[in-house]
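Spelled out, the chains give:
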Amino acid sequence: MPTQVDNYFYPPSSEEQYLYDRLLYYVQTETPEQILERFRKLFIDAKDYDEPDIRRALDNLISSKQADETFKLVLNRVCHILINRWQMQSRTQWAIPALVSAIDEPLSMTSTLPRSTRRIRQLMAQFKQTEQYLTMQRLARVIQSARSEQDKPKVAHLIERYPYLYEHCLLSEDSSYEHQQTVRQIKSRIQQRFECDLSQFVTYQVRLARSERNSSNPSAFKRPIQPVANPTLLSDGELGMALKQFVGQVHGRYTYRDLAQNFLVQSQKIQSYREFKEALYDYLICSIDPKHRQLQFNERLYNYLENTLTRYDSQKPNEFLILRTSSKLLNFLVVESPQRLEHYIFVDMITNMGATPTVGMLLKIALLCRQVKPHLEKRFSILFNHYEFSAEDGVPWLVKTMENVHIALSIHFGSADLSVLNQIQVKRF
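Residues numbered from 1 in each chain as written. Predicted model: local features only at pLDDT ≥ 70, side-chain atom pairs only at ≥ 80, totals over all residues. Heavy atoms only, no water.

A.B. asks: Account for the overall build of the chain, with residues named and values stated.
C.D. replies: What the chain contains, in helices and strands, is 18 helices and 2 strands. The 429 residues of the chain split such that 50% are buried. Considering only intrachain contacts with a sequence separation of at least 6, the fraction spanning at least 24 residues in the chain is 74%. A total accessible area of about 21,500 Å² is found for the chain, and carbon and sulfur atoms account for 48% of it. (Helix = DSSP H or I, 4+ residues; strand = E, 2+ residues; numbered from the N terminus. Buried < 20%, exposed > 50% of the residue type's maximum accessible area, 1.4 Å probe, protein only. Contact = heavy atoms within 4.5 Å. Areas by Shrake-Rupley, 256 points an atom, 1.4 Å probe, with all protein chains shown as cover.)

In structure tokens, the structure reads:
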């Protein structure tokens, strides 16, 4: 596997390849405990490793002039050789957080240590400052979702709950193909589990509602109903409101999907991009409760659209313009980039409208142009990264919004079937 430095790939040196080959052999033939011990002796203790050829290869790597650049990439590759193997079976997945914990241990740099040991520890310290290591830590949190009760819960520990963030938070630009596949497999598994849990919870609530409706009929057969836990961090009432919003009718008899389809059909008749933006404004605010239609927000949104891509105002709108406009709207409504983190409009929307209607507006944009869904997910990964070391209870608005996004995307872009909700009015929702 070629290694990437400064966006260029180069073939691995003989020392690198030898290291990869040996660890690949061991991870296929030894237990995680044995592999972790090997890793510790080689990279943490950096001494007393009993295979001279491996130690010699590592010494050559750390003594090269490019070691400051290449070592972190080599170590990243080594770690993912182990991670990719361990994640395949649930009984070995525990070793992934254990590996990250081993790397995270503080390292002594006393002058009494051998020179090669100090050099490896210096390079290990540099590795812990990289984006690659940060993504590895996030992956470990996904695998080890349980956390110590004495630790104050951080936003970072919630990463396991939101698979729509994985490809943005758990992968870096130089992630190997194998690591990309690993993350996508984990994402698929956790997303399917959530959709199944959500469907079972909704079915449970509907059964309860039917049971309550029939409670006045003494002849009705009453079968015990097995309780199902709420799979979100929302209260049952908040989850019910989100489900009714994202599954049910939000404007007259129209659902979000109906509104998006109607708008796309009508927009084909529009002759200029300027007219399209005016229609888009009406589409976005039509389902907002009138009491939440703040004059200031409406004006901001209208002015932003009016001044968006004005050089195309006289052109007929097309897929390219819809995609560009949708992307720019998400930048404006949520957050633009890690370098431009202002998101006061987003917080203002949540404060005044609530998390569910705010996500509803973002969903309306995503339903217009499905290619923009990754862009929406990226906006939330930026916010997640910004707040990941904050206490959960310090940003409840973010947690509620991310839960709503997960529900909305699961319903409209996943395979969650919640049509049973339309069969009966669930009072508790």
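A.B. asks: Tell me about a negative patch on the surface, and name the residues and values.
C.D. replies: Taken together, the side chains of Glu275, Glu278, Asp282 and Glu306 make up a negatively charged region of the molecular surface. Topologically, aspartate 282 is positioned in helix α12 (residues 273-285). (Patch = residues over 30% accessible without salt bridge, like charges linked within 9 Å, V, L, I, M, F, W, Y side chains within 5 Å. Salt bridge = Lys/Arg side-chain N within 4 Å of Asp/Glu carboxyl O. Lys, Arg positive; Asp, Glu negative; His and termini not counted. Charge placed at Lys NZ, Arg CZ, Asp CG, Glu CD.)

A.B. asks: Let's hear about the side chain of glutamine 245: which residues, and what values?
C.D. replies: Along the polypeptide, glutamine 245 turns up in helix α10 (residues 236-247). Overall, the relative accessible area of 18% leaves glutamine 245 in the buried class. A distance of 2.7 Å separates the side chain of glutamine 245 from the side chain of tyrosine 256, its partner in a polar contact. Once you skip the residues sitting within four places of it in the chain, glutamine 245 turns out to touch Val250, Tyr256, Thr356 and Pro357. (Polar contact = N/O pair within 3.5 Å; in protein donor to acceptor, adjacent residues only side chain to side chain.)

A.B. asks: For the side chain of arginine 379, give the residues involved together with the corresponding values.
C.D. replies: Note that arginine 379 resides in helix α17 (residues 373-387). Comment: no salt bridge for buried arginine 379; closest opposite-charge side chain is glutamate 336, at 7.5 Å. Among residues more than four places away in sequence, those in contact with arginine 379 are Leu330, Asn331, Val334, Val335, Glu336 and Ser337.

A.B. asks: Outline the packing of aromatic side chains, listing residues and values.
C.D. replies: Centre distance and the angle of the planes are the two values used to describe a pair of aromatic rings. The full count for this structure, using the stated rule, is 16 aromatic pairs. Geometrically, the ring pair formed by phenylalanine 263 and tyrosine 283 is stacked, given 4.8 Å between the ring centres and 25° between the ring planes. Of the two residues, phenylalanine 263 sits in helix α11 (residues 256-267) while tyrosine 283 sits in helix α12, which places them 20 residues apart along the sequence. A ring pair is formed by tyrosine 273 and phenylalanine 276, whose centres lie 6.1 Å apart and whose planes are at 20°; its orientation type is stacked. Taken together, the residues tyrosine 273 and phenylalanine 276, both in helix α12 and 3 residues apart, mark about one turn of the helix. With relative accessibility at 0%, the residue tyrosine 273 sits in the buried group. Overall, phenylalanine 276 belongs to the buried group, its relative accessible area being 2%. (Phe/Tyr/Trp six-rings, centres within 6.5 Å; stacked < 30°, edge-to-face > 60°.)

A.B. asks: Please set out empty space enclosed by the protein residue by residue, giving values where relevant.
C.D. replies: Within this structure, the stated rule accounts for 2 cavities of 30 Å³ or more. Volume-wise, the largest cavity comes out at about 40 Å³. Forming the boundary of the largest cavity are Val359, Leu362, Leu363, Leu376, Phe380, Val405, Ala408 and Leu409. Residue assignment for the lining of the largest cavity shows that the elements contributing at least two residues are α16 (355-368), α17 and α18 (396-413). (1 Å grid on protein atoms, 1.4 Å probe; cavity = no way out; pocket = protein on both sides within 12 Å on 5 of 7 lines; lining within 4 Å. Points joined across faces, edges and corners; volume = space filled by probe spheres on them.)

A.B. asks: Give me the lowdown on the pattern of salt bridges, citing residues and values where you can.
C.D. replies: Throughout the structure, instances matching the rule amount to 21 salt bridges. Of the charged contacts, one joins aspartate 313 and arginine 274 as a salt bridge, the two residues approaching to 3.2 Å between their closest N and O atoms. With aspartate 313 in the loop between α13 (295-306) and α14 (319-333) and arginine 274 in helix α12, the pair connects residues that are 39 residues apart, well separated along the chain. Residue class for aspartate 313 comes out buried when judged on its relative accessible area of 10%. Through salt bridges with shared partners, a single network forms among Arg22, Glu30, Arg38 and Glu51.

A.B. asks: How would you sum up helix α6 (residues 115-127)? Please name residues and give values.
C.D. replies: Relative to the 18 Å expected for 13 residues at 1.5 Å per residue, α6 spans 19 Å between its end C-alpha atoms, a close match to the ideal helical length. Among the residues making up α6, those that are buried are Thr117, Ile120, Arg121, Leu123, Met124 and Phe127. Looking straight down α6, one finds that the buried residues subtend no more than 160° of arc, so they occupy a single side. On the buried face of α6, the contacting elements are α2 (32-44), α3 (52-62), α4 (67-86), α5 (95-104) and α7 (131-143). (Expected span 1.5 Å × (residues − 1). Arc of directions from axis to C-beta.)

A.B. asks: Tell me what's going on with the packing of α4 against α7, and back it up with residues and numbers.
C.D. replies: Relative placement of two packed helices is described by the angle separating their axes and the distance separating the axes. Closest axis-to-axis distance for the α4/α7 pair is 10 Å, and the angle between their directions is 20°. In this view, α4 runs roughly parallel relative to α7, as classed from their interaxial angle. For the pair α4 and α7, the crossing hand works out as left-handed. Contacts between α4 and α7 involve Leu73, Asn76, Cys79, His80 and Ile83 from the first element and Gln132, Met136 and Leu139 from the second. (Axes fitted to C-alpha atoms, helices over the stretch in contact; angles between N-to-C directions. Parallel < 35°, antiparallel > 145°, perpendicular 65-115°, else oblique. Left-handed = near helix turned anticlockwise from the far one by under 90°.)

A.B. asks: Please give an account of the confidence of the model for the chain that cites residues and values.
C.D. replies: Low pLDDT means the predicted atomic positions in that stretch should not be read closely. Of the residues in the chain, 89% have a pLDDT of 70 or more, and the chain-wide mean is 86. Taken as a whole, residues 1-10 scores under 50 in pLDDT and shows 24 contacts with residues more than four places along the chain or in a different chain. Low pLDDT, under 50, characterises residues 146-150; the stretch is placed with 3 contacts to residues that sit more than four places away or in other chains. (pLDDT = per-residue confidence, 0-100.)

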